[in-house]
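Summary of structural features
Chain by chain, the residues run as shown.
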Amino acid sequence: MSKTINDERFTEILFTQDQIEKRIIELSTWVDEMYTTSKDLILVGLLKGSIPFLAQLIKSIKTEHTLDFMTVSSYRGEVENTGNIKIIMDLVIDIKDKDVLIVEDIIDSGKSLKKIYENLILRGPKSLRIITLLDKPVNRKTDIQADISGFIVPDKFLVGFGLDVKEKMRNVPFIAVFNKDYLEKL
């Protein structure tokens, strides 16, 4: 459901805070069903964008779990993201023989997420799945797929609820289309 807004930074709102929070509750039910017998569930938040999603998600998950985080950086080529990643902050918890759920804000090209997935699978988890709030399959450059996603989104410049522009606007409580004319004002 798209809504217009009287804020020059955005051209439209794709998902309101209420819509997002309702969907996250549904996603938490999926987590509980998927891991109903898990004794060692680890939620791995990919920093920084996943923070609002992860924070809202864990409020409704009933399954016992631990949290860990990774921060990765993509090396940028002259024209485009090469897909090469550098791990800035790695997991603290050993994931061998544990159920691991990667928590992502958005899957776009999928290049970085695929590299993270490949890195984690080598560590021998019992299971490794991906949950994402937003999925933008139109830009996918790899075969990586989420096990579940909150919303399928169009090929637009999105901000809010963890998504940023120049490290700003992560705190916007909804998902909006960013007005590129405002880019120079940031």
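Higher on the page you've got the structure.
So, a few notes on the structure that sits alongside this text. (Residues numbered from 1 in each chain as written. Predicted model: local features only at pLDDT ≥ 70, side-chain atom pairs only at ≥ 80, totals over all residues. Heavy atoms only, no water.)

Turning next to the pattern of salt bridges. Evaluated as defined, the whole model comprises 13 salt bridges. In this structure, the salt-bridge partner of Glu167 is Lys48, at a minimum N-O distance of 3.2 Å. In this pair, Glu167 is assigned in the loop between strand S8 (158-159) and strand S9 (175-178) and Lys48 in the loop between strand S2 (41-47) and helix H2 (51-60), connecting sequence segments 119 residues apart. Lys114 is paired through a salt bridge with Asp143; the nearest N and O atoms lie 2.5 Å apart. In this pair, Lys114 is assigned in helix H3 (residues 111-121) and Asp143 in the loop between strand S6 (127-135) and strand S7 (148-152), connecting sequence segments 29 residues apart. One salt-bridge network, held together by shared partners, links Lys48, Asp164, Glu167 and Arg170. (Salt bridge = Lys/Arg side-chain N within 4 Å of Asp/Glu carboxyl O. Helix = DSSP H or I, 4+ residues; strand = E, 2+ residues; numbered from the N terminus.)

On to the sheet that holds S9, then. In any sheet, the strands associate via hydrogen bonds between backbone groups, in a parallel or an antiparallel arrangement. Read across the sheet, 3 strands follow the order S1-S9-S8 without closing on themselves; strand pairing throughout is antiparallel. The open sheet has two edge strands, strand S1 (10-15) and S8, and neither has a second partner. In terms of strand pairing, S1 meets S9 through 4 bridges, oriented antiparallel. When the bridges of S9 are listed, Phe10 appears paired with Phe178. (Pairing = 2+ DSSP bridges.)

Our focus in this paragraph is the nonpolar core. Counting 28 residues, the largest nonpolar core has Phe53, Ile131, Leu134 and Leu158 as the members making the most contacts within it. Counting only elements with at least two residues in this core, the list comes to S1, helix H1 (17-34), S2, H2, strand S5 (99-107), S6, S7 and S9. Element by element, the count of residues in this core is highest for H1, at 5 residues. In this structure Leu134 touches Phe15, Asp105, Ile106, Ile107, Phe151, Val153, Leu158, Leu163 and Ile175, once residues within four positions along its chain are discounted. One finds Val100, Ile102, Ile130 and Ile144 within the second-largest nonpolar core, a separate group that totals 16 residues. (Core = buried A, V, L, I, M, F, W, Y, C linked by side-chain atoms within 4.5 Å. Buried < 20%, exposed > 50% of the residue type's maximum accessible area, 1.4 Å probe, protein only. Contact = heavy atoms within 4.5 Å.)

Going through the model one piece at a time under the given rule, you end up with 4 aromatic pairs. Geometrically, the ring pair formed by Phe10 and Phe174 is edge-to-face, given 5.5 Å between the ring centres and 75° between the ring planes. Residue Phe10 is located in strand S1, and its partner Phe174 is located in the loop between S8 and S9; the two are separated by 164 residues in the primary sequence. In this pair, the class of Phe10 matches that of Phe174, namely buried. Between Phe15 and Phe151 the ring centres are 3.9 Å apart and the planes differ by 25°, which places this aromatic pair in the stacked class. Here Phe151 lies in strand S7 and Phe15 lies in strand S1, a separation of 136 residues in the sequence. Owing to a relative accessible area of 13%, Phe151 belongs among the buried residues under this scheme. By the ring-pair criterion, three or more aromatic residues cluster together here, those being Phe157, Phe178 and Tyr182. (Phe/Tyr/Trp six-rings, centres within 6.5 Å; stacked < 30°, edge-to-face > 60°.)

The next point concerns the pairing of S5. Of all 9 residues that make up S5, 9 are buried, and the element is covered over most of its length. Of the strand pairs in this sheet, S2 and S5 are connected by 5 bridges, and their pairing is parallel. Residue pairing for S5: Gly45 is matched across the bridge by Val103. Examined bridge by bridge, S5 and S6 share 8 bridges and lie parallel to one another. From the neighbouring strand, Val103 faces S6, where its bridge partner is Ile131. Following the chain from S5 across H3 to the adjacent parallel S6, one finds a crossover that is right-handed. (Right-handed = clockwise from strand over helix to strand, strands pointing away.)

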